[in-house]
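Now for the letters of each chain:
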Amino acid sequence: MKYTTGLWGALILCVVLIAMLFWKIFSLNSQVRNLGAPNDGTLQESLKRVQAELASVKELAPGLGEYMTTIQLHAGKLWFAAKASNWELSQYELDELKETMEAAKALNAEKNGVKISNVLDSVLQTQVAQLAESIKRKSPAEFQKSYDDTLSACNGCHAEAGYKFIHIVRPSSPPVTNQSRLFMTKPVTKTLNMECWRSKSLNIRWKKLSNTQA
Ligand code: HEC
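Residues numbered from 1 in each chain as written. Predicted model: local features only at pLDDT ≥ 70, side-chain atom pairs only at ≥ 80, totals over all residues.

**Student:** Please clarify how the overall build of the protein chain should be interpreted in this entry.
**Tutor:** Tallying secondary structure elements over the protein chain gives 6 helices and 5 strands in all. Written out in order from the N terminus, the α and β elements of the protein chain read α-α-α-β-β-α-α-α-β-β-β. Relative to all contacts within the protein chain whose residues are 6 or more apart in sequence, the contacts with residues 24 or more apart total 47%. (Helix = DSSP H or I, 4+ residues; strand = E, 2+ residues; numbered from the N terminus. Contact = placed C-beta atoms within 7 Å.)

In structure tokens:
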């Protein structure tokens, strides 16, 4: 008798447990369905918003032409910094030039069938690497040669990519005039109101001293 009561008890317990399990499954199921329905809409909406934001960021981001203008400026400053044997500044300008070329590379642009990133990469690894060496060795002669080689590479790509009319040459005057001590290392001689500045590569420039300095 005791044995059958125990059996019945166990059976009822099992039935209750199974009923609870079914109820749990059912409620979970409806929860998942509830979660799914509204989220689909908001998910699509936020996806659309992200796409629109991405499009506007792309529009704001600099294009290849803007990067090239920055490259041109660094290349111009680099020439005068090295002419003045200001190797620290030369190194800095070269690093900036490299960074800008890397940024331009990331655009993965293609012009006239030319994969711009690949060519930029090869210029970085050959001509620009030579420039870095010449700066490390503080050699004006090596610098001039690798600078000219770099410009040939610039123009080579311009021609290949359909922009032959963009031809870069050595700069004849500094691209900026408002960066102090950019061009000359130290004054070599002074007159009453003039200072003569000369770089190691023998560029000579006279600077008028202001009244306060004199
Ligand atoms: C891998 C190819 C490539 C190399 C290397 C390259 N350029 Fe360019 N450059 C271009 C292309 C393509 C354009 C046209 C970009 C555009 O407007 O879409 C351009 C445009 C320019 C412009 C015109 C920018 C403007 O808006 O007026 C200048 C300046 C320039 N490059 C300078 C340089 C200099 C300096 C170097 C070398 C240090 C160089 N480029 C190396 C491909 C190259």
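There is more to say, and it comes next.
**Student:** Quick question: what am I supposed to make of the site of the ligand here?
**Tutor:** Around the ligand, a shell composed of 21 residues is seen, among which Gly65, Met68, Val119, Cys154 and Cys157 lie nearest. Listing elements by their share of the shell around the ligand, those giving two or more residues are α2 (64-83), α4 (116-125) and α6 (140-160). Element by element, the count of residues in the shell around the ligand is highest for α2, at 7 residues. Split into classes, the residues belonging to the shell around the ligand amount to 15 nonpolar, 5 polar and 1 charged. (Near = placed C-beta within 6 Å. Nonpolar A, V, L, I, M, F, W, Y, C, P; charged D, E, K, R; others polar.)

**Student:** Quick question: what am I supposed to make of the packing of helix α3 (residues 87-105) against α4 here?
**Tutor:** Two quantities define a packed helix pair, namely the angle between the axes and the distance from one axis to the other. The geometry of α3 relative to α4 is characterised by a closest axis approach of 9 Å and an angle of 155° between their N-to-C directions. In terms of their interaxial angle, α3 and α4 are classed as roughly antiparallel. At the point where α3 passes α4, the crossing takes the left-handed sense. In this structure, α3 contributes Lys98, Met101, Ala104 and Lys105 to the contact, and α4 contributes Ser117, Leu120, Asp121 and Leu124. Tallied by class, the residues present in the contact of α3 with α4 amount to 4 nonpolar, 1 polar and 3 charged. (Axes fitted to C-alpha atoms, helices over the stretch in contact; angles between N-to-C directions. Parallel < 35°, antiparallel > 145°, perpendicular 65-115°, else oblique. Left-handed = near helix turned anticlockwise from the far one by under 90°.)

**Student:** What is the right way to read the nonpolar core from this model?
**Tutor:** The nonpolar side chains of soluble globular proteins are, as a tendency, buried together. Leu78, Trp79, Ala81, Ala82 and Leu97 are the most contacted members of the largest nonpolar core, which totals 21 residues. Elements represented by at least two residues in this core include exactly α2, α3, α4, α5 (127-136) and α6. Ranked by residue count, the leading element in this core is α2, at 8 residues. Leave out the neighbours within four places in its chain, and Ala82 touches Ser90, Ile135, Pro140 and Phe143. (Core = buried A, V, L, I, M, F, W, Y, C linked by C-beta atoms within 7 Å. Buried ≥ 20, exposed ≤ 12 C-beta atoms within 10 Å, placed from the backbone.)

**Student:** Can you walk me through α6 in this structure?
**Tutor:** The periodicity of an α-helix, 3.6 residues per turn, causes residues three or four places apart in sequence to face the same way. Over its 21 residues, α6 runs 30 Å from end to end, which matches the ideal 30 Å to within 8%, given 1.5 Å per residue. Among the residues of α6, Phe143, Ser146, Tyr147, Thr150 and Cys154 are the ones counted as buried. Angular distribution of buried residues about the axis of α6 spans 110°; they occupy a single face of the element. The inward-facing, buried residues of α6 contact α2 and α5. Remark: Gly162 follows α6 within two positions and exhibits a positive phi of approximately 90°. (Expected span 1.5 Å × (residues − 1). Arc of directions from axis to C-beta.)

**Student:** Whenever I open this one, unusual backbone geometry confuses me. Can you help?
**Tutor:** Backbone geometry follows two general trends: most residues other than glycine have a negative phi, and most peptide bonds adopt the trans configuration. In this model, Ser85 sits at a positive phi of 55°, which is unusual for a non-glycine residue. With respect to the helices and strands, the residue Ser85 is situated in the loop between α2 and α3. Of the residues examined, Ser85 has 20 C-beta atoms within 10 Å and is grouped as buried. One non-glycine residue, Lys138, lies in positive phi territory at about 50°. Within the fold, Lys138 resides in the loop between α5 and α6.

**Student:** Quick question: what am I supposed to make of the packing of α3 against α5 here?
**Tutor:** Following both chains from N to C, one finds α3 and α5 inclined at 165°, their axes separated by 10 Å at the closest point. The angle between the axes of α3 and α5 places the two elements in the roughly antiparallel class. For the crossing formed where α3 meets α5, the hand is left-handed. Of α5, the residues touching α3 (which contributes Trp87, Ser90, Gln91, Leu94 and Lys98) are Val128, Leu131, Ala132 and Ile135.

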